[in-house]
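Fold and geometry: a report
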Amino acid sequence: MCGIVGYVGKQDATEVLMNGLARLEYRGYDSAGIAVFENETIKVAKSKGRLADLAEKMKQEGKPSGHAGIGHTRWATHGEPSDVNSHPHGGGTVTIVHNGIIENYKVLKDFLIKKGRVFESETDTEVVAQLLDYYYVENHGNPVEAIVKTLKDLEGSYALGVIFADFPDRVFALRKESPLIVGIGEGENFIASDVTAILQYTKKYYLLEAGEIAVLSKQGAAVYDLHYQKVQKELKIADWDVSEAEKGGYAHYMLKEIHEQPESIRKTITPRIENGLPNLEECGITPEKLLTFRKIHVVACGTAMHAGMVGKYVIEKLAKVSVNVDIASEFRYREPLVGEGDLVIIISQSGETADSLEALRLSKKLGAKTLAIVNAKGSSIARETDMLIYTHAGPEIAVASTKAYMVQIAVMYLFAFELALAKGQIDETECRRLTSVLQETPEKIAEILANKEKAQMIASELITADSLLYIGRGLDYALSMEGSLKLKEISYIHSESYAAGELKHGTISLITENMPVIAVATQRNLFEKTISNIKEVKARGAKVILVSRADYQPEKDVADMQFILPDEEDLLMPMTAVVPLQLIAYYTAVLKGTDVDKPRNLAKSVTVE
Ligand code: AGP
């Protein structure tokens, strides 16, 4: 979704803004722009397309030069991607950048048109700029008063970076729902949608809350509430390093992040293991508390929801507690049967996904306890949940989630082990054994990564396919969902995941020699069943790629190609088996020449519903 940066200080603002926007590219965008004070005048440069298009435009038309300004990458919601709809937008003396959606923009626009205001773009953002200017004029040039009045009129979600022509050494910011932080430097200050945008300049930042207004100058950043009172903010220090948000020699962030998985697992689980047993006490989870939950719901979107699917199989098998997995956008509008005595687990890499955040709020309102598994520190979901387990994957830049999924499932395992022990479904010895098997997974993943050429070969067989099927049973079905999503989102090849036993109920009619099937068969008790399903598709001409374990091999010719996984306990197989699926998706996209890290139409953090 849209990215925002703002800067005031001693450096070249255009350069700082463009660097910041480059760090936010991963969020997904279709146009970009900046507004910089050149002496006392606001100079705007904006363009449809990538940051490179904006840079080219500035080369030809002149680059704004100054020390304060705001920048934006836009992911279109109101109005198509175009130069004119790109941010920043102006209204009189005000220029703004905006992330979010103003739900009542039509009413506000009608009001402003009646007041004689003329609009250039189709965006809801321009309405905010004009409204700010309207109140600014009405309030005799007081920016904070204009912001407070505007804010009271706005319905919807927003993070806003604002500059007023009369205040060339100030940047103003406010937010509701959409994220925004204030970066604190030495003689320079920043605003940004997330810390990755400012890491190269400072690690210090404030989290801006709804109803707070930040006023930045070179000397400092003051935050006010709606009654113009100064708010004392807690200074946060980002524990992400700038190198973590760089490619580090890899061709793509996605490949780098796939390789970071062993380390991400270690960082995430090691602090939560004590004397060989899971210990989630620092996250607010104790064995006594676990015994109070009757039922568990996992609510999330996309890949995070797939991590929940793995969690369901593992929790139900080990702890014998019923688990519902829901897509957040469905859950929040379905009047879910959730209430006291229930635990709702929200999984989210960004911690800002609008539907997941609303699902969390709804669950709390219905009386359930909430546990969030989140990667981005200080994000909205992390702040609003009752219990919180941070995953320590570091910044995930590629839109296609890999290492975040890996640590989400690692946490689901730890949680399931602790729950099963608390419920007396497994004894301490078994819990210790399972925990130590989990601790061994990073080495096994490293082993797979050392042999990734096989995935490359498989990918070369897939690039001509128009459509593909992923099949599996049990945990392998949960994995198939993730494998299929990964492939389609970055390679643009249509693919579906199917429970292997369900094929005969309709989907098998799609099978031809032009539809490859990727079968995942890692579960020993289901192996023969899945092999039968493979034979059924093979008999109908499908090319079969089998992802399976070394100690269970089908007869010759059952599969056309095979990716053999190192030996592993059945229950823990998803931790390793997802790696070849990620690699197959990655290499297929590379061979197809797509924009691997920033696939079309997608945003990394989906902050609108
Ligand atoms: C995964 O590859 C996706 N890009 C997407 O499905 C993602 O997992 C989903 O949007 C949820 O995001 P979150 O984890 O930040 O909430």
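First, a word on what this report is: a plain description of the structure on this page. (Residues numbered from 1 in each chain as written. Predicted model: local features only at pLDDT ≥ 70, side-chain atom pairs only at ≥ 80, totals over all residues. Heavy atoms only, no water.)

Moving on, we come to the packing of helix H9 (residues 302-319) against helix H13 (residues 403-422). Where H9 meets H13, the closest approach of the two axes is 9 Å, and the angle between their N-to-C directions is 20°. Judged by the inter-axis angle, H9 sits roughly parallel to H13. Crossing geometry of H9 relative to H13 is assigned as right-handed. For the pair formed by H9 and H13, the contact residues are Thr303, Ala304, His306, Ala307, Val310, Gly311, Val314, Ile315, Leu318 and Ala319 on the first element and Tyr405, Gln408, Ile409, Met412, Tyr413, Phe415, Ala416, Phe417, Leu419 and Ala420 on the second. Of the residues in the contact of H9 with H13, the class split is 16 nonpolar, four polar and no charged. (Axes fitted to C-alpha atoms, helices over the stretch in contact; angles between N-to-C directions. Helix = DSSP H or I, 4+ residues; strand = E, 2+ residues; numbered from the N terminus. Parallel < 35°, antiparallel > 145°, perpendicular 65-115°, else oblique. Left-handed = near helix turned anticlockwise from the far one by under 90°. Contact = heavy atoms within 4.5 Å. Nonpolar A, V, L, I, M, F, W, Y, C, P; charged D, E, K, R; others polar.)

Taken as a whole and assessed by the stated rule, the structure comprises 41 salt bridges. Here aspartate 595 and arginine 50 are joined by a salt bridge, their closest N and O atoms 3.3 Å apart. Of the two residues, aspartate 595 is situated in the segment after helix H18 (573-592) and arginine 50 in the loop between strand S3 (41-48) and helix H2 (51-61); the sequence distance between them amounts to 545 residues. The partly exposed category is assigned to arginine 50, whose relative accessible area is 26%. Between glutamate 568 and lysine 444 there is a salt bridge, and its shortest N-O distance comes to 3.6 Å. Of the two residues, glutamate 568 is situated in the loop between strand S26 (561-565) and H18 and lysine 444 in helix H14 (residues 428-449); the sequence distance between them amounts to 124 residues. (Salt bridge = Lys/Arg side-chain N within 4 Å of Asp/Glu carboxyl O. Buried < 20%, exposed > 50% of the residue type's maximum accessible area, 1.4 Å probe, protein only.)

Ile296, Ile315, Ile345, Tyr413 and Phe415 are the most contacted members of the largest nonpolar core, which totals 96 residues. Here this core gets 13 residues from one element, more than from any other, and that element is H13. Two domains each donate at least three residues to this core, and these are domain 2 (253-447) and domain 3 (453-592). The residues touching isoleucine 345, leaving out its near neighbours within four places in the chain, are Ile296, His297, Val298, Val299, Leu371, Ile373, Met412 and Phe415. The next biggest cluster of nonpolar side chains, apart from the first, holds 29 residues, and it includes Phe119, Tyr134, Tyr158 and Leu160. (Core = buried A, V, L, I, M, F, W, Y, C linked by side-chain atoms within 4.5 Å. Domains from an automatic or database assignment.)

Turning our eyes to something else, we now look at the site of the ligand. In the vicinity of the ligand lie 14 residues, with Ser348, Gln349, Ser350, Thr353 and Glu489 positioned nearest. A distance of 2.6 Å separates an oxygen atom of the ligand from a polar atom in the backbone of glutamine 349. Within the side chain of serine 350, one N or O atom sits 2.7 Å away from an oxygen atom of the ligand. With the chains in place, 91% of the 410 Å² that the ligand exposes on its own is no longer accessible. Those elements giving two or more residues to the shell around the ligand turn out to be H9 and helix H16 (475-491). Mapping the shell around the ligand onto the domain boundaries places at least three of its residues in each of domain 2 (253-447) and domain 3 (453-592). (Near = heavy atom within 4 Å. Polar contact = N/O pair within 3.5 Å; in protein donor to acceptor, adjacent residues only side chain to side chain. Areas by Shrake-Rupley, 256 points an atom, 1.4 Å probe, with all protein chains shown as cover.)

Looking now at the sheet that holds strand S23 (residues 494-499). Spatially, S23-S22-S24-S25-S26 is the arrangement adopted by the five strands of the open sheet, whose pairing is parallel. Each end of this open sheet is capped by a strand with a single partner; those strands are S23 and S26. When the angles between neighbouring strand axes are averaged without regard to direction, this sheet yields 15°. Across five bridges, the pairing between strand S25 (residues 544-549) and S26 is parallel. In the strand pairing of S26, valine 547 is matched with phenylalanine 563. Of the strands in this sheet, strand S22 (467-472), strand S24 (517-521), S25 and S26 touch H18, which is tilted by about 140° from S26. (Pairing = 2+ DSSP bridges.)

Relative to each other, helix H7 (residues 261-269) and H14 sit at 170°, their axes nearing to 8 Å. Looking at the two axes, H7 sits roughly antiparallel to H14. Facing H7, whose interface residues are Pro262, Ile265, Arg266 and Ile269, H14 presents Leu438, Gln439, Thr441, Pro442, Glu443, Ile445, Ala446 and Leu449. Among the residues forming the contact of H7 with H14, the class breakdown is eight nonpolar, two polar and two charged.

It is worth spelling out helix H11 (residues 354-365) at this point. Given 3.6 residues per helical turn, the α-helix brings residues three or four places apart onto the same face. Between its terminal C-alpha atoms H11 stretches 17 Å, which fits the 16 Å expected from twelve residues at 1.5 Å a residue. All of the buried residues along H11 are Ala354, Asp355, Ser356, Leu357, Ala359, Leu360, Leu362 and Ser363. Close packing links the buried residues of H11 with strand S17 (295-300), helix H10 (328-331), strand S19 (342-348), strand S20 (369-374) and helix H12 (380-384). Count one or two residues on from H11 and you reach glycine 367, which has phi positive near 100°. (Expected span 1.5 Å × (residues − 1).)

Right, let's get into the pairing of strand S6 (residues 94-102). Looking along a regular strand, one sees side chains alternate from face to face of the sheet. Counting buried positions along S6 yields eight of nine residues, so the element is predominantly enclosed. Note that strand S5 (residues 89-91) and S6 share three bridges and pair antiparallel. Each bridged residue has a counterpart across the sheet, and for glycine 90 the counterpart in S6 is threonine 95.

Residue histidine 87 is joined to proline 88 through a cis peptide bond whose omega torsion reads 0°. Its location among the elements puts proline 88 in the loop between strand S4 (68-74) and S5. Unlike most non-glycine residues, histidine 140 shows phi in positive territory, near 50°. Within the fold, histidine 140 resides in the loop between helix H4 (124-138) and helix H5 (143-153). We note that asparagine 275 has phi near 50°; this positive angle belongs to a residue other than glycine. Within the element layout of this structure, asparagine 275 appears in the loop between strand S15 (273-274) and strand S16 (277-278).

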